[in-house]
Amino acid sequence: MPVTGSSQLLKKADLLKNCCQAYAYAAEVHQNNSRMAEDMCKSCAEVCRACAEECLKLEQDSLSEDTYQMCLKYAEMCEKILDFQPLSNKREWRESV
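What follows is about the overall build of the protein chain. Of the regular secondary structure elements, the protein chain holds four helices and zero strands. Scanning the protein chain from its N terminus toward the C terminus, one meets helices and strands in the order α-α-α-α. Out of the 97 residues belonging to the protein chain, those deemed buried represent 26%. Partitioning the contacts of the protein chain with sequence separation of at least 6, the portion at a separation of at least 24 is 73%. Accessible surface for the protein chain amounts to roughly 7,000 Å². Of this, 54% is attributable to carbon and sulfur atoms.

The next thing to look at is the pattern of salt bridges. Summed over all chains, the structure comprises six salt bridges. One salt bridge in this structure joins Lys 57 and Glu 54, with 3.8 Å as the shortest N-O distance. Within this pair, Lys 57 and its partner Glu 54 are both found in helix α2 (residues 37-57), separated by three residues, close to a single helical turn. Connected via shared salt-bridge partners are Lys 73, Glu 76 and Lys 80.

Core analysis: the biggest nonpolar cluster contains 18 residues, and Leu 15, Cys 19, Ala 26, Cys 48, Cys 71 and Cys 78 have the highest contact counts within it. Looking at this core, the elements with two or more residues in it are α1 (5-31), α2 and α3 (62-80). When neighbours within four sequence positions are excluded, Cys 48 is seen to be in contact with Cys 19, Ala 22, Cys 71, Tyr 74, Ala 75 and Cys 78.

Attention now moves to the packing of α2 against α3. Interaxial distance between α2 and α3 falls to 8 Å at its minimum, and their mutual angle equals 170 degrees. Overall, the two elements α2 and α3 adopt an arrangement that is roughly antiparallel. Contact with α2, carried on its side by Cys 41, Cys 44, Ala 45, Cys 48, Arg 49, Cys 51, Ala 52, Cys 55 and Leu 56, involves Ser 64, Thr 67, Tyr 68, Cys 71, Leu 72, Tyr 74, Ala 75, Cys 78 and Glu 79 of α3 and no other residues of that element. A class-by-class count of the residues in the contact of α2 with α3 yields 14 nonpolar, two polar and two charged.

Conventions we followed
- Residues numbered from 1 in each chain as written.
- Predicted model: local features only at pLDDT ≥ 70, side-chain atom pairs only at ≥ 80, totals over all residues.
- Heavy atoms only, no water.
- Helix = DSSP H or I, 4+ residues; strand = E, 2+ residues; numbered from the N terminus.
- Buried < 20%, exposed > 50% of the residue type's maximum accessible area, 1.4 Å probe, protein only.
- Contact = heavy atoms within 4.5 Å.
- Areas by Shrake-Rupley, 256 points an atom, 1.4 Å probe, with all protein chains shown as cover.
- Salt bridge = Lys/Arg side-chain N within 4 Å of Asp/Glu carboxyl O.
- Core = buried A, V, L, I, M, F, W, Y, C linked by side-chain atoms within 4.5 Å.
- Axes fitted to C-alpha atoms, helices over the stretch in contact; angles between N-to-C directions.
- Parallel < 35°, antiparallel > 145°, perpendicular 65-115°, else oblique.
- Nonpolar A, V, L, I, M, F, W, Y, C, P; charged D, E, K, R; others polar.

Following this line, the structure appears as C-alpha cells:
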C-alpha cells in the first residue's frame, strides 16, 4: 500500500515525536545521575539516527529533509548531554547564582 501525502506527514511527525521523547528520556536519566546515563544517552542517540534513516525512506521533499536534519540534531543533543554536569542539589544551585 503506497504512503499518501497525509500519512507521510503523520509518519514524519511520529519520527520527530520519537526523537523528542528519546532526548527527554536521555536528559532525565542524566539529570537523575543514573549509572546507566552514558549508555542510555548513546542508545537514545541511536534511536534518533534510526528515525533519520527512516525519514530517508519516505518520499523526498523539503519537509523530509527538514525532518531528517532535526532527527540528526536530536541525536547530537543526546550525545552532548553527557558533557553537562548536573548540580547535585538545589543548595549548590542557589549558591552559584
